[in-house]
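# Inside the fold
Here is how the chains run, residue by residue.
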Amino acid sequence: MNLSPEHRIAGILAPLFALRTKQDLGVGDLAGLRELVEWAAETGFKLVQLLPINETGADNSPYMAVSSAAIEPSTLEITPDRVPGLTPEAFAETLTGVDVAKLRKGPVSYSQVKPLKLGLLRRAFENFSASDLARNTRRAKAFRQWVAAQAGWIEAYGLFRVLMDENGVNEQWDLWPENQRTHAAAQAWLEAQPAAVRKRIWKEARFYQWVQWVAFHQWEEAKLHAGQHGVALMGDVPFGVSYYSADVFAEPDLFDLQWSGGAPPEPAFVSDPFVVKWGQNWGVPLYQWARHRETGFRWWRQRVRLTRGMFHLFRIDHVLGFYRIYAFPWRPQENPHFANLSNEEARARAGGRLPRFFAHDDETEQHRALNRREGEEYLRALLEETGEHRLIGEDLGTVPPYVRPSLTSLGIAGFKIPIWEPKWDGWLIDGADYQRLSLATYATHDHEPLRARWDRLYHDTQAGKEPAAAAAWDQMVKLTAFAHLHMQNPQPWSDDLHRSLLLALFRSNSWIAVCMITDLFGATQRFNVPGAIAESNWSERLPCEVGKWRKRPELKALAGAIKELLKQTGR
C-alpha cells in the first residue's frame, strides 16, 4: 500500500454507526466496515475514513468520549464466532424478546443498542471467566498480558467504568460521592471497603478491561483486513477529551478545568443563536501544557500509539487547538444564560471573564510567533509516534495565517474544501492548483452534504427573494466553474452535475480526495449539526445495507461510473 503524497489516492468518509448489514444489532459495526472496505476496494478507493471510535457517554457524540483510549463497545461485531466465550445459546437467550428487526430500521436507538450489546459481552465474559480465567488457559494468559501492557490507562479506566455504573450509569464524576471523584480518591475509598465489595468491584473492572481486550483485537484485525484489500483505514483523534472522562478522573493535573474549549463564531454555522453570537462551547477541558511537557507528552504519545495500532493514518480534529484554542469561562450547560447577554452583562456573570483564545491570542506578532512555536512543539511529539505522512490536520474554521505554512513545514496535510478556497477575485481556486500535501473534500461530518447545499441554493434562486437569490446563484456559478462547467441559469441537481463535481474533486492535485458517503451517493442525510442538541445527531443510518450496494441498479451504475472517474484521474 503506497501512502506517499507522491501517489494520489481517493477515499470514502463513512460514520461507522451509519452502516447497515443484514445481521447488525441496530448500529453499524465492524462487520459493516469489513463489507465497506471490500466494496471500496472493488470500486477503486484506496482509503476509508471513520469518525472517532472511542467509548461515548450519554450524548453519544464520538467527539465527546469518556476515554481517550477505550473503544466504544457498540462498534464491535458481537456474534458467537467473533467474541470469545459467547456461545450460540447465550447469544439466543440474550436476544429473546428483543425486536431486532425493529432495531435495524430507522436511526440508531442508543438507549436500546448499547445495553443490548454490553449484555451480550457480559454473558461472554461470564463464560470466559468460568472456563479460561479459572483454568488459566492460553487465552486467559493473553488477556492478562494485554492488560499488563496497557497499564498506563486500563486500570483507571476499569474503575471509572464501574463507578459510572455504581452511580446510575452516569459519567458526571462531579455528581458522584466526593470520595470517588478522582482515581486516587476512589482507590482509597475502595481499599476501605469490606472484602466482598472490593471483590465485586474489581470483578466488574476486569469485565470492562476484557471488553477492551476484545475490542482492540477486533479493530487490529479490521486494519489487517483493510490492508489485505489495499485499503488504508484513516482514524480520527479529537483534539479534546470530555470533561467527564476517565482521563480527567485519572490525571486531573493534566487538564485545566476552569475553561471550556470550543471555537469562535463562524459564518458556516448559523443554526443556533448562541453559536452565532459566542461560538461553539464544546465543554472540553483545556490542557495544562506545562505539565504535559514535564511528562514528555506521555499522555498524547500513548493516545497516538493506541490509534496507530488500528489505523494506517489518522486526522487530528481541530488541529488549530495545538496552536491556540478558543475557550469559555463557563460550562456548556450554562450557555442558555449567556445567549442573549451583552459582553458587559456576560463579563459580570462570568466573574469578569469573556471567551478568549488560549494560551495567547493572535493580536501581536509576538503572540503569533509563540503560538506557532508551541504548536509545532506539541505536534512534533505526535509525529515522533506516527512516522512521516501519517497525520492529517483538520485546519478548518478561523485559521490564523501561520498555521498552514506551519503544518506544511511539519509534513502534515491540511484540508481543502473548494467552497472555502477562494482566489483573490472571489472565484474558487482550481483543484489543479491545490498543494499536493493536502486532503480535498466537499464536506465533513459537520457540514451539510453537497446535494443538500445545492438543493438549498437552487430553492433560494427560485424563491425570488433578493439578495438571497443573487447570493445563491453566485455560489452555484462558482461551484460549477470549479467543476469546469458553465451554467447559464439555475439548474436542479442531476446525475450529470453529480458526476462532474466528483470528477473535479478527483482531478485535484491533492494527495487525498475524500467523499463523504452522502456526497458519494448524492444524498441529503446529515450526521451532525454543530451546536445543536438533537437525537438526529450521530444516529442517522444509510437506507441500504452495504451488502446490497452491488445489487441495486442505481448504486451499481454509480459504482461503475466512479471507478471510471478514478481511473481517468489517476487515483
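Keep in mind that what you see is a predicted model, and the values were worked out from it rather than measured.

### A word on the sheet that holds strand S4 (residues 255-263)
- One open sheet accounts for four strands, arranged S5-S4-S7-S8; its pairing is antiparallel. Looking at the sheet topology across the chains shown, the edges are occupied by strand S5 (280-287) and strand S8 (356-358). Taking each pair of neighbouring strands and ignoring which way they run, the sheet shows an average axis angle of 55°.
- Examined bridge by bridge, S4 and S5 share six bridges and lie antiparallel to one another. Looking at the pairing, Asp256 lines up with Leu286 of S5.

### Side note on the pairing of S4
- The element S4 is extensively covered by neighbouring structure, given that seven of its nine residues are classed as buried.
- In terms of strand pairing, S4 meets strand S7 (residues 325-328) through three bridges, oriented antiparallel. Considered in S7, the bridge of Ser260 is made with Phe328.

### Some thoughts on the state of the cysteines
- Per the stated rule, a full pass over the model turns up zero disulfides.
- Here Cys544 is not cross-linked by a disulfide; its sulfur's nearest cysteine counterpart is in Cys515, at 18 Å.

### Comments concerning unusual backbone geometry
- In this structure, the amide linkage connecting Phe358 to the following residue, Ala359, adopts the cis form with an omega of 0°.
- With respect to the secondary-structure elements, Ala359 resides in the loop between S8 and helix H15 (365-386).
- In this model, Glu466 is joined to Pro467 through a cis peptide bond whose omega is 5°.
- Topologically, Pro467 is positioned in the loop between helix H17 (450-463) and helix H18 (468-482).
- Not every positive phi belongs to a glycine, and Asn136 is a case in point at roughly 50°.

### Some words on the nonpolar core
- Formed by 174 residues in total, the largest nonpolar core has its most connected members in Leu33, Phe45, Trp210, Trp219, Phe322 and Phe506.
- Among residues more than four places away in sequence, those in contact with Phe45 are Ala10, Gly11, Ile12, Trp39, Ala40, Val231, Phe506, Leu520, Ile562 and Leu566.

### Some points on empty space enclosed by the protein
- Scanning the model with the defined rule gives six cavities of 30 Å³ or more in all.
- Taken as a whole, the largest cavity holds about 200 Å³ of empty space.
- Phe17, Pro52, Pro62, Glu72 and Thr75 are the residues nearest the centre of the largest cavity, which is lined by 17 residues in total.
- Looking at the lining of the largest cavity residue by residue, the class counts come to 10 nonpolar, six polar and one charged.
- Approximately 120 Å³ is the volume attributed to the second largest cavity.
- Lining the second largest cavity are 15 residues, with Ile53, Asn54, Ser68, Thr307 and Met310 positioned closest to its centre.
- Of all elements in the fold, only strand S3 (232-238) and helix H12 (298-308) reach the threshold of two or more residues within the lining of the second largest cavity.
- Looking at the lining of the second largest cavity element by element, the count peaks at four residues for S3.

### Here we look at the sheet that holds strand S10 (residues 414-416)
- Read from one edge to the other, the open sheet built from eight strands follows the order S9-S6-S3-S2-S1-S12-S11-S10, with strand pairing classed as parallel. Pairing within the sheet leaves two strands with one partner each, and these edge strands are strand S9 (391-393) and S10. Put simply, the sheet's adjacent strands are angled 30° from each other on average, direction ignored.
- Judged from the five bridges that link them, strand S1 (residues 9-13) and strand S12 (residues 512-516) form a sheet pairing that is parallel. Each bridged residue has a counterpart across the sheet, and for Ala10 the counterpart in S12 is Ala513.
- Packing of helix H19 (residues 495-507) onto the sheet brings it into contact with S1, strand S11 (438-440) and S12, and relative to S12 it is tilted by some 150°.

Parameters at a glance
- Residues numbered from 1 in each chain as written.
- Predicted model: local features only at pLDDT ≥ 70, side-chain atom pairs only at ≥ 80, totals over all residues.
- Heavy atoms only, no water.
- Pairing = 2+ DSSP bridges.
- Helix = DSSP H or I, 4+ residues; strand = E, 2+ residues; numbered from the N terminus.
- Axes fitted to C-alpha atoms, helices over the stretch in contact; angles between N-to-C directions.
- Buried < 20%, exposed > 50% of the residue type's maximum accessible area, 1.4 Å probe, protein only.
- Disulfide = S-S within 2.5 Å.
- Core = buried A, V, L, I, M, F, W, Y, C linked by side-chain atoms within 4.5 Å.
- Contact = heavy atoms within 4.5 Å.
- 1 Å grid on protein atoms, 1.4 Å probe; cavity = no way out; pocket = protein on both sides within 12 Å on 5 of 7 lines; lining within 4 Å.
- Points joined across faces, edges and corners; volume = space filled by probe spheres on them.
- Nonpolar A, V, L, I, M, F, W, Y, C, P; charged D, E, K, R; others polar.

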